[in-house]
Amino acid sequence: MVSKKEKIALVLQGGGALGAYQAGAFEALSTGGYCPEWFAGISIGAINAAIICGNPPDKRVARLRAFWEQVTSRAPAPFLLDGLMGTIFAEASANFTATFGAPGFFAPRMPPPVPTWHYPPTELSYYDTEPLRRTLSDLVDFNLINSGNVRLSVGAVNVQTGNFIYFDNAEMKIGPEHILASGALPPGFPPVKIGKDLYWDGGLVSNTPLQDILDKCDSQDDLCVFQIDLFGARGPAPSTLLDAAQREKDIRYSSRTRLNTDLSKRAHNLRTALKRLAAKVPPELLNDPDWLALDGFGDVPAMTIVQLIHRRAAYETQSKDYEFSRTTMTDHWKAGAADVAATLSHPAWLSRKRPVEEVVVFDCTKELFEDDDRRSKT
């Protein structure tokens, strides 16, 4: 019998312009009555998470839409999102963004930096992200983030040590600089100084922050995690150089979502077995150092993980994460909302029973990925 509370968490991967998919997914979750209590994000996922956490529930979707409409207000829109012409126009839009930046997000440094010249560390980039700092100040109430109403964790990498770190409002005060650090992908964006240290985008080490929630979750509550990823590990073999560049980026940033989820499930089930084993350990072994080392891993919550992964559109190439046109943003937003709606109405989800101890994984749109793969081979 399930008696624990089930805490809902939202995990948001990095992926630049693809982050509109997460915004659409969040809108559909909200419409479906799901209100996460814990948000974990990397890069654009950290930005989306900060906008959500930094606003009251009734304003969250509107503020997300304000952000995405602002950053896509300048790039020329493809008039056709299909076939070769769609790809050509999407590439042109991405090149426009690369040249002129995205309003409210980043702007090119003028004059551009010379690769062999020395600059202050916080100016080592092709773009200036000061516009994003101002946008966050306009759209995000950081006092609300730090009030403790919801939990926010954003990942970044220490430039000097290479160590991965999560800035967590349960452990420290979160400000705009922590969100900027999580999205500071070099060499496009500069490192962000926090205290005495410099930080880059967390996606350099791990682009999916699921593990942080699994490591920190409280065994007193069960956990339901909606994991919204922007790069899929699965994909067809490339047939052009553009395909090869995109496939490489997908593999690099996907963090092998499904494989890591399966490994986490196995580790969780082993810890659950240790919890059951505790009742069978002879009294004379209870103080044995080896048993004490194992016993600390046994108290874990039951867990549900819902995976949603952005599927590559036919017109997209390796530039999809910096193609900031309004048309494409709207397409991504609608796709995120549609995938969540499909998941929440899927027979497997509608008939789900909360697990008592184990991990249960829902991958209700997996068949859509497989259909895409099959179509690409025909």
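Please read these numbers as outputs of a predicted model, since none were measured by experiment.

Asker: Give me the nonpolar core: which residues, what numbers.
Answerer: With 65 residues, the main nonpolar core has F67, W68, F105 and F226 as its most contacted residues. If you tally residues by element for this core, the top one is helix α2 (residues 44-53), at eight residues. Apart from the residues lying within four places of it in its own chain, the contact partners of W68 are G16, A17, G19, A20, A23, I44, N48, F324, M329 and W333. Counting residues in each nonpolar core, the second largest holds 13 residues, with V11, L214, M303 and I305 among its members.

Asker: Which residues make up the UniProt feature "short sequence motif: GXGXXG" (unreviewed entry) in the protein chain, and what are the values?
Answerer: According to UniProt, the "short sequence motif: GXGXXG" (unreviewed entry) feature falls on residues 14-19. In residues 14-19, the share of helix is 0% and the share of strand is 0%. The end C-alpha atoms are 7 Å apart.

Asker: Which residues make up helix α12 (residues 326-344), and what values do they have?
Answerer: A rise of 1.5 Å per residue sets the reference length of α12, with its 19 residues, at 27 Å; its end C-alpha atoms lie 27 Å apart and thus fit the reference within 8%. Of all the residues in α12, the buried ones are T328, M329, H332, W333, G336, D339, V340, T343 and L344. For α12, the angular spread of the buried residues around the axis is 150 degrees, confining them to a single face.

Asker: Outline the packing of α2 against helix α3 (residues 60-71), listing residues and values.
Answerer: Between α2 and α3, the shortest axis-to-axis distance is 8 Å and the interhelical angle comes to 135 degrees. As judged from the angle between their axes, α2 and α3 are oblique. Read as a crossing pair, α2 and α3 show a hand that is right-handed. Facing I44, I47, N48, I51 and I52 of α2, the residues of α3 in contact are R60, R63, L64, F67 and W68. Looking at the contact of α2 with α3, its residues break down into seven nonpolar, one polar and two charged.

Asker: An account of empty space enclosed by the protein is needed here, citing residue identities and associated values.
Answerer: This model, assessed by the stated rule, comprises two cavities of 30 Å³ or more. In this structure, the largest cavity spans a volume of roughly 40 Å³. Residue lining of the largest cavity: A90, Y315, E316, T317, S319, K320, E323, T328 and H332, and that is the complete set. There is about 30 Å³ of room inside the second largest cavity. Lining the second largest cavity are I47, F105, T129, L132, L180, G183 and F189.

Asker: Hey, could you go over the packing of aromatic side chains for me, with residue numbers and the actual values?
Answerer: For the structure on display, the rule yields 18 aromatic pairs. Ring centres 5.6 Å apart and planes at 40 degrees place the aromatic pair F231 and Y253 in the tilted group. A residue pair is termed long-range when its members are at least 10 positions apart, and F231 in the loop between β9 (222-229) and α9 (241-254) and Y253 in helix α9 qualify at 22 residues. For the pair formed by F231 and Y253, the shared burial category is buried. In this structure an aromatic cluster arises from ring pairing among F67, W68, F105, F106, Y127, F189 and F324. It is R65 that lies over the ring of W333; its NZ or CZ is 4.1 Å from the centre.

Calculation notes
Residues numbered from 1 in each chain as written. Predicted model: local features only at pLDDT ≥ 70, side-chain atom pairs only at ≥ 80, totals over all residues. Heavy atoms only, no water. Core = buried A, V, L, I, M, F, W, Y, C linked by side-chain atoms within 4.5 Å. Buried < 20%, exposed > 50% of the residue type's maximum accessible area, 1.4 Å probe, protein only. Helix = DSSP H or I, 4+ residues; strand = E, 2+ residues; numbered from the N terminus. Contact = heavy atoms within 4.5 Å. UniProt positions renumbered as here; feature names shortened; annotations may be inferred. Expected span 1.5 Å × (residues − 1). Arc of directions from axis to C-beta. Axes fitted to C-alpha atoms, helices over the stretch in contact; angles between N-to-C directions. Parallel < 35°, antiparallel > 145°, perpendicular 65-115°, else oblique. Left-handed = near helix turned anticlockwise from the far one by under 90°. Nonpolar A, V, L, I, M, F, W, Y, C, P; charged D, E, K, R; others polar. 1 Å grid on protein atoms, 1.4 Å probe; cavity = no way out; pocket = protein on both sides within 12 Å on 5 of 7 lines; lining within 4 Å. Points joined across faces, edges and corners; volume = space filled by probe spheres on them. Phe/Tyr/Trp six-rings, centres within 6.5 Å; stacked < 30°, edge-to-face > 60°. Lys NZ or Arg CZ within 6 Å of the ring centre and 35° of its normal.

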